[in-house]
Amino acid sequence: MRFVGILAVLFATNVHAQSVLTHPFPQETRTNYTFGDGLPEKSPDGFALSRVTRLARLDDGRIVAAAISALENLELLEFDGAQWRVPGPFDKHVADSPQHSLVASASGRAYRSDDNQSVEENRIIDAAVCPGGGEVVTTSTKVWERTKELHVVFESEAAILAVAAGPDGAIAVGTKDGLYVREDAKASFKSLFPADAKYSWNPRNVSALAFDTMDRLWFGCDLGVGVRDGDAWHLYTGSEGLPYDHFTCAAPGEDGVIWFGTERGAIRFDGAHWSYRAGLRWLPDDHVVSIAVEPDGSAWIATSGGISHIRRESMTLESKAAWFNEQVETRHNRDGYIANWRLERRGDVSSAQPAITDNDGLYTACYGAAMAFRYAVTKDPAAKGLAKRSFDACKRLVDIVPDSMKGFPARVLIPINWHEPVNEIYTDELNRKIRESDPFWKLITPRFVTSEDGKYLWKCDTSSDELAGHYFFYAVYYDLAAESEEEKAPVREVVRDITDHLIRNGFNLVDHDGTPTRWGRFGPDFLNSENGWPQRGLNSLMMLGMLAVADHVTGDPKYAETAKMLRDQHQYHINMMMPRPTFPPSNVVPWDNNLGLLCFYPLMQYEKDPELLLLYRQSLEDFWQFISRQKNPFWNFAYGGAAQRFASLAGEGYFDNAFPESGPYAKQYAQRFSAFDPAAADSLDTLRGMPLELIGWEMKNSHRLDVEIDPTPTQAPDVGWSKVDHKALPIEERSHVRQDRDGFKLDAKEDDGWSEHEGTFYLLPYYMGRYHGFIE
């Protein structure tokens, strides 16, 4: 069999992996309105508006809200389709609608209806509009109904917390000590004690009530959420996926969907899936006070800090890819280098400004690989052009260093007149200060070295992250996008230069001070030392993977011979059977998952020896199982792509004669590991759920009812997963906007609103998944 690279293993049909068909899906976006930024700051009489108390959708489709002024007067806000405005207190055209009573009562002030009747108290707890006309309002001890006139229909010694009006005159009341329902206008109120096959409840603190569009009664209480569907009850706690309790309100959505407001976010439930919306990605404040839902499913959510509008608009994976391509090219391209940009105004992508990172090479390489996969799938010349631009940028990082360091890839390359005084930031004093808390921090100055032509600064102390990205990209680009000899030759050159640098320097990246970089040590003298053992498995894997790329791209047999020497004399292939630490938690970092898969991918494509492939496949499986539940589409598809060729070879009997001294071992293990699951469904969920706004807001989830905290000894208290499927929470509910983050980290922030990250997070797994047939 001839091995001609990744293109040789693109199968017409997928081997042992179920493809996922794509369909349009609802993409959520949000707009937050706060006083002074989208909401009017003052009432018509000039007094400051301080808080929103209730939202309502009027019969004619308009969205209105009640706001309180500094004098505790009620003001009405109206959304006119473009902005919020103050139409005037109790404007006639709004007062004609019964929903106006609902909005007005939410202020906690006197109830006002169009016949000027009033309740005997002026502290209103909740209100509801009856489907057949009229309203229901409640004070702390009484429920009032108005049909033709206002009258009391329910009294309670326990504090009343919520009320809802249903069909045929049905009314539900929630109190501190129970749930009460009047089934129709002629019936009396009775206590309800919900029970299903798993739970039997006596509800307390029933603070959220609603009848949905299917006339089902929903409630939220201390015990969880319940719904009455006909004569049957269904009860939900954290074990069934309920994210949180401490309810403040409820509202019906489209097609039987229900929304709940809580003191820490909003919850949407469609009968199968719970969604949790909290943090500044979704809400201006987590304390929700009111929700109104439009027929298309868009939700207006009033909070203590303002109003959020969460839209649900139809999108496909391909249109989302086009969106992210535009995002990258518009806001994340700095002279061909792709990375996150900083925001001058928190959360405002229009204020994005170019920035540099320690991993400009890695991020540019990943974007280039995404474009190479895109070209392989679509044959779009624009994709090939972007892949080549990324290749040229990555090669410049290697070419910029002096001949004495030939093959050393710089971290960053910027013009000499870069606006930040980078070498005034990275001083000897700062180095020494960092070293106090980080004993392995490298003391080197300058961090940014002036190029020989005096036009550029390049950053040193390059890490293994950069190397992994370079080699992964060069392999993919060489096989999928560099079609002519003219295009392939520079790939051979740069791969040869970097690999020769490593070999002649004892398998180390050696900096301008003549010593290895902190994270660029791959030689046996270090990996077999007392300081190198935590990196032994991963760096052995990386070195063998990089040599495999060099052998494939250049065709020079010395690289295969060097790999053989490292295996025969230093057991690198045995080292990588445990490819990275999994305990203690302090030694487990998520970017190692990225590095490993970036190197496993080409190693599994290019290795020819069946016995080595069997060993590498076992190592890959162990590596993968540790992260298989994190719902990371790049990790899923990199694993699947690495396993795919092995599965094809196993089907051809390629391993039947391997390890003859071990009897049926090879054949049995080949059969066992020919089956693989790239978790395409999990990946699809993440690709669909990924926010269009890749701003790393702080997100907190450790308080949730539906998470299980990782019980591993010495693990951090904010690491865990869903109780329902024992996988990472949905991507839209996490802070993560980079592919090398820990999906099990429950509480995290990525710059907390002060940077936007590039769409490679989506583009690389999407086009990689399409290329390998995991997405059709």
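Right, let's walk through the structure included here. (Residues numbered from 1 in each chain as written. Predicted model: local features only at pLDDT ≥ 70, side-chain atom pairs only at ≥ 80, totals over all residues. Heavy atoms only, no water.)

A tally of helices and strands in the protein chain yields 19 helices and 37 strands. For the protein chain, the C-alpha radius of gyration of 31 Å lies close to 28 Å, the compact-globule estimate for 776 residues. With the C-alpha coordinates aligned to their principal axes, the bounding extent of the protein chain is approximately 95 × 65 × 50 Å. Taking all 776 residues of the protein chain together, 59% fall into the buried category. Expressed as a percentage of contacts within the protein chain between residues at least 6 apart in sequence, the contacts between residues at least 24 apart total 63%. Of the roughly 30300 Å² that the protein chain leaves accessible, carbon and sulfur atoms contribute 49%. Side chains of the protein chain carry 80 positive and 112 negative charges; the gap between the two charge centres is 2 Å. (Helix = DSSP H or I, 4+ residues; strand = E, 2+ residues; numbered from the N terminus. Rg over C-alpha atoms; globule rule 2.2 N^0.38 Å. Buried < 20%, exposed > 50% of the residue type's maximum accessible area, 1.4 Å probe, protein only. Contact = heavy atoms within 4.5 Å. Areas by Shrake-Rupley, 256 points an atom, 1.4 Å probe, with all protein chains shown as cover. Lys, Arg positive; Asp, Glu negative; His and termini not counted. Charge placed at Lys NZ, Arg CZ, Asp CG, Glu CD.)

Before going further, it helps to spend a moment on the side chain of Lys 631. Here Lys 631 lies in the loop between helix H15 (610–625) and helix H16 (633–651). For Lys 631, the side chain forms a polar contact with the main-chain oxygen of Ala 728, separated by 3.4 Å. Beyond its immediate chain neighbours, meaning those up to four positions away, Lys 631 contacts Asn 636, Asp 682, Thr 686, Asp 725, Lys 727, Ala 728 and Arg 734. (Polar contact = N/O pair within 3.5 Å; in protein donor to acceptor, adjacent residues only side chain to side chain.)

Within this structure, the stated rule accounts for 41 aromatic pairs. A centroid spacing of 5.8 Å and a plane angle of 40° characterise the contact between Tyr 199 and Trp 201, whose relative ring orientation is tilted. For Trp 201, a relative accessible area of 7% corresponds to the buried category. An angle of 80° between the planes, with centres 6.0 Å apart, marks the rings of Trp 218 and Phe 269 as edge-to-face. One end of the pair, Trp 218, is in strand S16 (residues 217–221); the other, Phe 269, is in strand S21 (residues 265–269), and 51 residues separate them in sequence. On the basis of relative accessible area, Trp 218 is assigned to the buried category, the value being 2%. (Phe/Tyr/Trp six-rings, centres within 6.5 Å; stacked < 30°, edge-to-face > 60°.)

Before going further, it helps to examine the nonpolar core. Core analysis: the biggest nonpolar cluster contains 135 residues, and Phe 373, Trp 458, Phe 472, Tyr 474 and Leu 763 have the highest contact counts within it. The element contributing the most residues to this core is helix H4 (residues 360–378), with 12 residues. Setting aside anything within four residues of it in sequence, one finds Phe 373 in contact with Phe 472, Val 476, Leu 480, Tyr 601, Leu 764, Tyr 767, Met 768 and Tyr 771. (Core = buried A, V, L, I, M, F, W, Y, C linked by side-chain atoms within 4.5 Å.)

Let us look at the pairing of strand S5 (residues 74–79). Of all 6 residues making up S5, 6 are buried, and the element is well covered by its neighbours. Relative to S5, strand S4 (residues 63–69) runs antiparallel, the two sharing 6 bridges. When the bridges of S5 are listed, Ala 65 appears paired with Leu 77. If you look at the hairpin formed by S4 and S5, you'll find 4 residues sitting between the two strands, and Glu 72 has a positive phi there, around 65°. As paired strands, S5 and strand S6 (residues 84–85) are joined by 2 bridges and run antiparallel to one another. For Phe 79, the partnering residue across the bridge sits in S6 and is Trp 84. In this antiparallel pair of consecutive strands, S5 and S6, the connection spans 4 residues, and Gly 81 shows a positive phi of 100°. (Pairing = 2+ DSSP bridges.)

So, on to the environment of Ile 731. As for its placement among the helices and strands, Ile 731 is situated in the loop between strand S36 (720–722) and strand S37 (755–756). Relative accessible area serves as the criterion here: at 3%, Ile 731 is assigned to the buried category. Along the backbone, Ile 731 and Thr 686 are 45 residues apart, and their C-alpha atoms lie at a distance of 5.8 Å.

Right, let's get into the layout of surface pockets. Estimates place the volume of the second largest pocket at around 1200 Å³. Lining the second largest pocket are 46 residues, and of these Phe 440, Arg 518, Trp 519, Gln 535 and Trp 591 sit closest to its centre. Sort the elements by how many residues they give to the lining of the second largest pocket and strand S34 (residues 516–521) lands first, with 5 residues. Within the lining of the second largest pocket, the residues separate by chemical class into 19 nonpolar, 13 polar and 14 charged. (1 Å grid on protein atoms, 1.4 Å probe; cavity = no way out; pocket = protein on both sides within 12 Å on 5 of 7 lines; lining within 4 Å. Points joined across faces, edges and corners; volume = space filled by probe spheres on them. Nonpolar A, V, L, I, M, F, W, Y, C, P; charged D, E, K, R; others polar.)

At a minimum axis separation of 9 Å, H16 and helix H17 (residues 665–674) run at an interaxial angle of 135°. In terms of orientation, H16 lies oblique with respect to H17. Handedness of the H16/H17 crossing: left-handed. Only Ala 670, Phe 673 and Ser 674 of H17 make contact with H16, whose side of the interface consists of Phe 646, Ala 647 and Ala 650. (Axes fitted to C-alpha atoms, helices over the stretch in contact; angles between N-to-C directions. Parallel < 35°, antiparallel > 145°, perpendicular 65-115°, else oblique. Left-handed = near helix turned anticlockwise from the far one by under 90°.)

Our next topic: helix H12 (residues 557–570). Between the first and last C-alpha of H12 there are 19 Å, a value that for 14 residues agrees with the 20 Å anticipated at 1.5 Å per step. All of the buried residues along H12 are Tyr 559, Thr 562, Ala 563, Leu 566 and Arg 567. All buried residues of H12 lie within an arc of 135° about the axis, which places them on one face of the element. Facing away from the buried side of H12, by more than 90 degrees, are the exposed residues Glu 561 and Gln 569. In this structure, the buried side of H12 is in contact with helix H9 (485–504), helix H10 (524–527), helix H11 (536–554), helix H13 (572–575) and H15. (Expected span 1.5 Å × (residues − 1). Arc of directions from axis to C-beta.)

Moving on, we get to helix H3 (residues 317–331). For H3, spanning 15 residues, the distance from its first C-alpha to its last is 21 Å, which sits close to the expected 21 Å at 1.5 Å a residue. All buried positions along H3 are accounted for by Leu 317, Lys 320, Ala 321, Phe 324, Asn 325, Gln 327, Val 328 and Arg 331.

Turning our eyes to something else, we now look at unusual backbone geometry. Residue Pro 446 is reached from Thr 445 by a cis peptide bond, and omega for that bond is -5°. In this structure, Lys 379 takes a positive phi of about 60° despite not being glycine. With respect to the element layout, Lys 379 can be found in the loop between H4 and helix H5 (381–399). Lys 379 gets classed as partly exposed once you look at its relative accessible area, which sits at 48%. Although it is not a glycine, His 726 adopts a positive phi angle of roughly 60°. Tracing the chain through its elements places His 726 in the loop between S36 and S37. The exposure class assigned to His 726 is partly exposed, which follows from its relative accessible area of 39%.

We now examine the sheet that holds strand S12 (residues 171–175). A sheet is described by the order of its strands in space; here 4 strands give the open sequence S11-S12-S13-S14, paired in antiparallel fashion. Looking at strand neighbours, the two that pair on one side only are strand S11 (160–165) and strand S14 (190–191), the edges of this open sheet. Summarising the sheet, S11 and S12 pair through 5 bridges and their orientation is antiparallel. Bridging across to S12, Val 163 finds its partner in Val 173.

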